[in-house]
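Notes for the structure review
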Amino acid sequence: MDYEPVIGLEVHVQLATASKLFCGCPAAFGASPNSQTCPVCLGLPGTLPVLNQRAFEWGVKVALAFDCQLACVMKFDRKHYFYPDLPKGFQISQYDQPLSQHGHLDIALGPSTKRIGITRIHMEEDAGKLLHDPVQPASYVDFNRAGVPLLEIVSDPDVRSPEEAYQYLLDLKAVLGYLKVSTCNMEEGSLRCDANISLRQVGTTAFGAKIEIKNLNSFKAVKAALDHEVHRQTSLLQQGGTLAQQTRLWDAKAEATELMRTKEEASDYRYFPEPDLVPFVIDQALVERIRRELPELPAQRCARLAKAYGVSPYDAQVLTQHPSLAELFEGALRLYPHPKPVANWVMGEFLGYLNANGKEPDEVQLRPEWLAHLLEAIDKGTISGTMAKELFVDVLAHQRDPNVLIEERGLRQIVDEAALNQLAEAVIAGHPESVKDYQKGKANALMYLVGQCMRHSDGKANPRQVTEVLKKKLETA
Amino acid sequence: MAVVNQQEVEQVAFLARLALAEAEAAKLASQLDQILQYVQQLQAIPTDEVKPTSHVLALSNITRPDQRQPCVPPEDVLRLAPERHNQFFKVPKIIE
Ligand SMILES: [Zn+2]
């Protein structure tokens, strides 16, 4: 029997506001433990949470970017559970009147796209961070993160493969990157993802038992964990077994999921309206203002790049995955109007450098004019293609204009005919034996003479040109 | 007819991490039931035409600008901790 996976993804994204969702504590990552708290985010009695206006507007912005229907009136609710990272014993979240519902994201699948529904996007506060002692039976709590604004983006169960899940996350992150509302850094936890997956017989419509997977620290982990679950659940079902709804943890080292043991039996969050927060009317004027401020989004930019510069759909998609890549591409094109080499350098050399150094595109500055200058230098023959690739790494590592580096290091190739003639004549005069060898038909002799020319020019002569000049001189000698 | 039974009281006590003896649970169940029976008189009021209310004040859209305010010094915060470890709250280990 054939089974198909039915996958839904839940993404939590931290908003990069200056202050927390309901109090004035900084929302920044990386401060010393428990140094960014106050009575409100610690849930001390008698305190009053007040919504952060920017977080509210950014929520609207994200909802619009995913074509969600915004609520006319949204409210907050208390979601109760006991966990040491939750100082109040409840999380302020949204239950039955969330910020927005019924959106979608069109993900890139080869040359076409697939529409993945978005069930809802709602606002909530983050919990604190727990560290577990590897030896002692103790855990440590840092409440700096408690109260940081989060958006929860829940997809419809429209995802049909681990690859689609991976692409959904890439495209979702790209949109968030363009909106500039989050650092989207999975290592720092500003973007987190849970996946749920069930299998069903191909051709049927009922859903199987839903398995939720947690502890997914990267998009690659999401894909690997889903791959593992598809195999595990398929073989279980094929052996006549049954699946029960459960939560499993991804173990990246073991490359397997394992059952998460919880003391809680069934979740019973006892949601009720947060009495300390009033309702929020999302009026049309606010929505229209934010809609007008929306930047060009990845899908639009991708279509525009393909149309305007004739780059392939795949290249356009890679180039628009991160706003700074697209800006680099278009910026360099304004100075050096040749889309193909610019795209190749951005996607080949620049992305290669980022991958090799584990960096995101906005973590390494490459000014459009640096790339343009480098490509111009190749065209003019100032440097060779090979030298350009080496120089490119130094441009990034030292953050310098390639033209400056070429001058400083004397990398300029000798392309001047007269200078090359002079060089060749001097080398020929200095090595009569090799000249004789060449005339006797020894091919190695020419290589040797080219080598000598390179040495005398400190490597600045273009070897191909030198060979030409030498040959001409030796033949007429 | 009872609105709440002892089993439900025990479930809520479990969720609230309250350790109730069986006799306590029985007593609370009957008391809670009386309270809920009393409040249930409200069910007689026709509310089909009334919009659900999540908040009793005639206020909406109370927000604050995204500005930072001073925090409480960590030393003062950690004084509230049942136990501390360096600058962390220390709690019993939560995951196996
Ligand atoms: Zn606070």
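Please refer to the structure placed before this passage.
Below or above, wherever it landed, is the structure these notes cover. The structure displayed is predicted, hence computed values, not measured ones. (Residues numbered from 1 in each chain as written. Chains lettered and ligands numbered in written order. Predicted model: local features only at pLDDT ≥ 70, side-chain atom pairs only at ≥ 80, totals over all residues. Heavy atoms only, no water.)

**Points about the packing of helix α7 (residues 323-335) of chain A against helix α9 (residues 368-380) of chain A**
Residues and elements named next belong to chain A. One can describe the packing of α7 onto α9 by two numbers: an axis separation of 8 Å at closest approach and a directional angle of 50 degrees. Between α7 and α9, the angle falls in the class oblique. Handedness of the crossing formed by α7 with α9: right-handed. Counted together, Leu328, Gly331, Ala332 and Leu335 of α7 and Pro368, Glu369, Leu371, Ala372 and Glu376 of α9 form the full contact between these two elements. The class makeup of the residues in the contact of α7 with α9 is six nonpolar, one polar and two charged. (Axes fitted to C-alpha atoms, helices over the stretch in contact; angles between N-to-C directions. Helix = DSSP H or I, 4+ residues; strand = E, 2+ residues; numbered from the N terminus. Parallel < 35°, antiparallel > 145°, perpendicular 65-115°, else oblique. Left-handed = near helix turned anticlockwise from the far one by under 90°. Contact = heavy atoms within 4.5 Å. Nonpolar A, V, L, I, M, F, W, Y, C, P; charged D, E, K, R; others polar.)

**Things to note about the sheet that holds strand β9 (residues 129-132) of chain A**
Read from one edge of the open sheet, four strands run β9(A)-β10(A)-β3(B)-β2(B), paired in antiparallel fashion. The sheet is open, and its two borders are formed by β9 of chain A together with β2 (84-85) of chain B, each paired with just one other strand. Relative to strand β3 (residues 88-92) of chain B, β2 of chain B is paired through two bridges, and the arrangement is antiparallel. Across the sheet, the residue bridging to Arg84 of chain B is Phe89 of chain B, located in β3 of chain B. (Pairing = 2+ DSSP bridges.)

**Notes on the packing of α9 of chain A against helix α11 (residues 402-409) of chain A**
Residue and element names in this part refer to chain A. Remark: α9 packs on α11, axes separated minimally by 8 Å, with the N-to-C direction vectors making an angle of 55 degrees. Relative to α11, the element α9 lies oblique. Contacts between α9 and α11 pair Trp370, His373, Leu374 and Ala377 from the former with Pro402, Asn403 and Ile406 from the latter. Here the contact of α9 with α11 is composed, by residue class, of five nonpolar, two polar and no charged.

**As for the interface of chain A and chain B**
Across the boundary between the two partners, chain A contributes 56 residues, which contact 32 residues of chain B. In this structure, the connection of chain A to chain B is made through one salt bridge. Where Asp66 of chain B meets Arg54 of chain A, a salt bridge forms, and the shortest distance between an N and an O atom there is 2.9 Å. Our count for the chain A to chain B interface comes out at 25 residue pairs in polar contact (both at pLDDT 80 or more). Of all the secondary-structure elements, those providing two or more residues to the side of chain A that touches chain B are β2 (51-52), α1 (53-65), β9, β10 (138-142) and β17 (280-281) of chain A. With five residues, the single largest contributor to the side of chain A that touches chain B is β10 of chain A. When grouped by side-chain class, the residues that make up the side of chain A that touches chain B number 32 nonpolar, 13 polar and eleven charged. The pairing of β10 of chain A with β3 of chain B spans four bridges and is classified as antiparallel. Counterpart to Ala138 of chain A in the pairing with β3 of chain B is Pro92 of chain B. (Salt bridge = Lys/Arg side-chain N within 4 Å of Asp/Glu carboxyl O. Polar contact = N/O pair within 3.5 Å; in protein donor to acceptor, adjacent residues only side chain to side chain.)

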